[in-house]
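Breakdown of the fold
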Amino acid sequence: MPARIPEIDLSPLRGTEDERRALANKLTAVYHDIGFAVLVNHGLPTGYLDTMFAMMAQFFALPDAQKLLIDKRESRHFRGWEAVGTEFTNNRPDVREQIDIWSERPALAEDVLPAYLRLLGPNQWMPDHVIPDQKALTLDWFNRLGTVADEILSLFALGLGLGADHFQTAFDKNSMSLMKFISYPPTPEGAAGVNAHHDTGFVTLLAAGPTPGLQVLDPTGDWIDVPVVPDSFVLNIGEMLQAMTGNYLVATAHRVITSEPRMSTAYFHGPSLHTALDPIQLSPRFIDAVAGSERHRSAGFMTTKEQTAAGVRDMGSTNRTNTYGEQLWNYFARSYPDMMQAHYG
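First things first, this report covers the structure right here in the doc. Everything quoted here is computed from the prediction, not taken from an experiment.

1. Describing the layout of surface pockets
Over the atoms, a rolled probe matching the size of one water molecule traces out where space is still vacant. Of the voids in this model, the second largest pocket is the one considered here, and its volume is about 340 Å³. Lining the second largest pocket are 25 residues, with Gly-209, Pro-210, Val-229, Pro-230 and Asp-231 positioned closest to its centre. Sorting the residues of the lining of the second largest pocket by element identifies helix H2 (48–60), strand S9 (203–207) and strand S12 (233–237) as the ones contributing at least two each. Broken down by element, the residue count for the lining of the second largest pocket peaks at 4 residues, all from H2. Of the residues contributing to the lining of the second largest pocket, the split by class is 17 nonpolar, 5 polar and 3 charged.

2. What to know about the sheet that holds strand S13 (residues 254–256)
Strands sit in the order S8-S13-S10-S11 across an open sheet of 4 strands; the sheet is antiparallel. At either end of the open sheet lies a strand with only one pairing partner, and these are strand S8 (194–197) and strand S11 (223–225). Averaged over all pairs of adjacent strands, the angle between their axes in this sheet comes to 25°, without regard to strand direction. Sheet analysis places S8 next to S13, joined by 2 bridges and oriented antiparallel. Along S13, the bridge assignment pairs His-197 with His-254.

3. What to know about the sheet that holds strand S3 (residues 80–82)
Across the sheet, which stays open at both edges, the 8 strands sit in the order S1-S2-S12-S9-S14-S7-S6-S3 with mixed pairing between neighbours. Of all the strands in the sheet, just strand S1 (7–9) and S3 have a single pairing partner and so form its edges. For this sheet the average axis-to-axis angle between neighbouring strands, irrespective of direction, equals 25°. Across 7 bridges, strand S7 (residues 178–184) lies against strand S14 (residues 262–269) in antiparallel orientation. The residue of S14 that forms the bridge with Leu-178 is Phe-268. Sheet strands in contact with helix H4 (residues 134–159) are strand S2 (36–40), strand S6 (97–102), S7, S9, S12 and S14, and its direction is about 55° off that of S14.

4. Looking at the packing of aromatic side chains
The final tally for this structure, using the stated rule, is 16 aromatic pairs. With centroids separated by 6.0 Å and ring planes inclined at 35°, the aromatic side chains of Trp-141 and Phe-233 adopt a geometry described as tilted. With Trp-141 in helix H4 and Phe-233 in strand S12, this pair connects stretches of sequence that are 92 residues apart. In this pair, the class of Trp-141 matches that of Phe-233, namely buried.

5. Describing the nonpolar core
Counting 103 residues, the largest nonpolar core has Trp-141, Phe-156, Phe-181 and Val-203 as the members making the most contacts within it. With 11 residues, the top contributor of residues to this core is H4. Dropping the residues within four chain positions of it, Phe-181 is found in contact with Met-52, Met-55, Met-56, Phe-60, Glu-97, Gln-98, Ile-99, Ile-101, Thr-138, Trp-141, Ser-264 and Thr-265.

6. Remarks on the environment of Gln-98
Within the secondary structure, Gln-98 is located in strand S6. Along the primary structure Gln-98 and Phe-60 are separated by 38 residues, whereas in three dimensions their C-alpha atoms are 8.6 Å apart. Sequence-distant contacts of Gln-98, that is, excluding residues within four places in its chain, are made with Phe-60, Gly-80, Trp-81, Glu-82, Glu-87, Lys-180, Phe-181, Ile-182 and Tyr-336. Reaching out from Gln-98, the side chain makes a polar contact with the side chain of Glu-82 at a distance of 2.7 Å.

7. Examining the side chain of Thr-265
Following the sequence through the fold, Thr-265 ends up in strand S14. Residue class for Thr-265 comes out buried when judged on its relative accessible area of 0%. Engagement of the side chain of Thr-265 in a polar contact is seen with the backbone oxygen of Lys-180, the distance being 3.0 Å. For Thr-265, the residues in contact, after removing those within four places along its chain, are Phe-53, Met-56, Trp-141, Met-179, Lys-180, Phe-181, Leu-205, Leu-206 and Ala-207.

8. A short note on unusual backbone geometry
Leu-113 connects to Pro-114 through a cis peptide bond whose omega is -5°. Looking at the element boundaries, Pro-114 is found in the loop between S6 and H4. A positive phi angle, near 55°, is found at Asn-41, a position not held by glycine. Note that Asn-41 resides in the loop between S2 and H2. Taking relative accessible area as the criterion, Asn-41 reaches 43% and is therefore assigned partly exposed. Phi at Asp-231 takes a positive value of approximately 55°, unusual for a residue other than glycine. Mapped onto the fold, Asp-231 is located in the loop between S11 and S12.

9. What to know about empty space enclosed by the protein
Using the criterion set out here, one finds 2 cavities of 30 Å³ or more in the structure. Along the wall of the largest cavity there are 33 residues; nearest its centre are Arg-96, Lys-180, His-197, Asp-199 and Phe-268. Listed by contribution, the elements that provide at least two residues to the lining of the largest cavity are S7, S8, S9, S13, S14 and helix H9 (324–335). Here the residues of the lining of the largest cavity are counted per class, giving 15 nonpolar, 12 polar and 6 charged. What lines the second largest cavity is simply Met-55, Met-56, Phe-59, Ile-99, Gln-134 and Phe-181. No other element matches H2, which puts 3 residues into the lining of the second largest cavity.

What counts as what
Residues numbered from 1 in each chain as written. Predicted model: local features only at pLDDT ≥ 70, side-chain atom pairs only at ≥ 80, totals over all residues. Heavy atoms only, no water. 1 Å grid on protein atoms, 1.4 Å probe; cavity = no way out; pocket = protein on both sides within 12 Å on 5 of 7 lines; lining within 4 Å. Points joined across faces, edges and corners; volume = space filled by probe spheres on them. Helix = DSSP H or I, 4+ residues; strand = E, 2+ residues; numbered from the N terminus. Nonpolar A, V, L, I, M, F, W, Y, C, P; charged D, E, K, R; others polar. Pairing = 2+ DSSP bridges. Axes fitted to C-alpha atoms, helices over the stretch in contact; angles between N-to-C directions. Contact = heavy atoms within 4.5 Å. Phe/Tyr/Trp six-rings, centres within 6.5 Å; stacked < 30°, edge-to-face > 60°. Buried < 20%, exposed > 50% of the residue type's maximum accessible area, 1.4 Å probe, protein only. Core = buried A, V, L, I, M, F, W, Y, C linked by side-chain atoms within 4.5 Å. Polar contact = N/O pair within 3.5 Å; in protein donor to acceptor, adjacent residues only side chain to side chain.

See the structure below:
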């Protein structure tokens, strides 16, 4: 029987130390297993999600001529709006349009090295007379979800037998997190709103909205639907935590296939671009658990553009990059080959 996506109550975050530790152990066990959960009682104000979805609906209802005010193709930092079919996942176009907003940073020189530092830069924002307060609302959303993500990382640290602040040292002036505002039209037969993939950073918080469509590859190899739960977030982890925990925590493949229009917004919590993906020194019980599980031992990573072209299966790479920045650079080269060529040759 296919696995089910568990629901996790985050209210113990605001409880006793014993309650926090019990939550940490539960969370860590889930992300060793299926790698996805629905989070409730996350602490954000009631109605806050509705405000963000209303702003997205206002933007996506605009004609393309106005959306082009923040045309992603004009940003060498890969920020802004893109039309349906622009992004490629596993060498296949995604059937979605979206706005990408990364951590707001000063731009560095176009030829700065290492190359991934070229990703730092400013965002593009809609004028207030078109979308009132889009910048202020988005940055507030960004900061609130960053706080929740930090709390999640502290729980993972505790669950792995580390200090609660273990991961916080990875966040500095070169940190790069991502917010996506996404609109999916109905998915054509044989396609996907977003094709099967792993995420890149530490953790992802998704406000999935009221329309189903998100699917997860469970440990038995079946695609299962993520349930729609009002006022919740879907949490999954990225390849950074998989690499750093020696595959004890696993980045789980997921995709979107929808029969009706669907909106969602995802926050991808990313550390400094310089953060090394060196394995953490974990207790032998975690190492032994990986050694005893073929699924964990063989868990792969997203391929590079060259590996995909050479026929390496989706998420079948055994190569691990040295830093988060290298991972992101590979992501852009794989997902936006035309933009990468236009800006960086």
